[in-house]
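# Descriptive analysis of the structure
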Amino acid sequence: MDQTKIGEFLKELRKEKNMTQEQLADKFFVSRRTVSRWETGSNMPDLDVLVELADFYDVDLRDIFNGQRRKPEMNNELKDTLLQAADYTNDIKKRITRRVNYMFVGGILAMSIYIISLYLVPEDAGGAAGFVQGVTLGISFAMLIMGMIITGPFGEKYLSGGYCRKTN
């Protein structure tokens, strides 16, 4: 924290308001000498006075601590970057949600085929009918288990790459 830079910034802000050191001192119930010390950087205002100064000058407290206003271009660039990151994250979430939905639909279809085959195929039928029943039952349980894993607490971490490491 550069007190000299902060002091110069406070002086600049005071001049933007077209105020003298005496007028500012009266406004904040301090002496003109105190204001002079703030502006030369030999002393810093108390924190509560800094907050009041930030409100009075309509600047962010971080701007005072940095001794300069943040550039609006920097804020816009940061905002654009964050929006792009949010869009990317939303796209990934949509793809994952779509995949999970397909899995559940596949599981429901497999379970439906299994249940229908139980009623339509006689119990003593073997061969292809037994094979279809076994496959559809297996698929439905696999989809159910995968859905539970993906939508559970570990699924989000796994799908977001928390457990996946690239190896070179």
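Up top is the structure.
## Some points on the environment of leucine 24
By the secondary structure assignment, leucine 24 is in helix H2 (residues 21–28). Its relative accessible area of 2% is what places leucine 24 among the buried residues. With ten residues separating them in the primary sequence, leucine 24 and arginine 14 have C-alpha atoms 7.6 Å apart.

## Some thoughts on the packing of helix H1 (residues 3–16) against helix H3 (residues 32–40)
The N-to-C vectors of H1 and H3 enclose an angle of 120 degrees; their axes lie 5 Å apart at closest approach. Classified by the angle their axes make, H1 and H3 are oblique. Within the contact between the two elements, H1 uses Thr4, Gly7, Glu8, Leu10, Lys11 and Arg14 and H3 uses Trp38, Glu39 and Thr40.

## Examining H2
Among all positions of H2, only Gln21, Leu24, Ala25 and Phe28 are buried. Viewed along the axis of H2, the buried residues span an arc of 100 degrees, placing them on a single side of the element. Next to the buried residues of H2 lie H1, H3 and helix H4 (47–57). Two residues or fewer after H2 comes phenylalanine 29, characterised by a positive phi angle close to 55 degrees.

## Focus on the packing of H2 against H3
Two numbers describe how H2 lies on H3: the axes approach to 8 Å, and their chain directions differ by 110 degrees. In terms of orientation, H2 and H3 fall into the roughly perpendicular class. Only Arg32, Val35, Ser36 and Glu39 of H3 make contact with H2, whose side of the interface consists of Gln21, Glu22, Leu24 and Ala25. Of the residues that constitute the contact of H2 with H3, the class distribution is three nonpolar, two polar and three charged.

## Examining a negative patch on the surface
A surface patch of like charges, here negative, comprises Asp46, Asp48, Glu52, Asp55 and Asp58. With respect to the secondary-structure elements, aspartate 48 resides in helix H4. You can call aspartate 48 partly exposed: its relative accessible area is 49%.

The rules behind the values
Residues numbered from 1 in each chain as written. Predicted model: local features only at pLDDT ≥ 70, side-chain atom pairs only at ≥ 80, totals over all residues. Heavy atoms only, no water. Helix = DSSP H or I, 4+ residues; strand = E, 2+ residues; numbered from the N terminus. Buried < 20%, exposed > 50% of the residue type's maximum accessible area, 1.4 Å probe, protein only. Axes fitted to C-alpha atoms, helices over the stretch in contact; angles between N-to-C directions. Parallel < 35°, antiparallel > 145°, perpendicular 65-115°, else oblique. Contact = heavy atoms within 4.5 Å. Arc of directions from axis to C-beta. Nonpolar A, V, L, I, M, F, W, Y, C, P; charged D, E, K, R; others polar. Patch = residues over 30% accessible without salt bridge, like charges linked within 9 Å, V, L, I, M, F, W, Y side chains within 5 Å. Areas by Shrake-Rupley, 256 points an atom, 1.4 Å probe, with all protein chains shown as cover. Salt bridge = Lys/Arg side-chain N within 4 Å of Asp/Glu carboxyl O. Lys, Arg positive; Asp, Glu negative; His and termini not counted. Charge placed at Lys NZ, Arg CZ, Asp CG, Glu CD.

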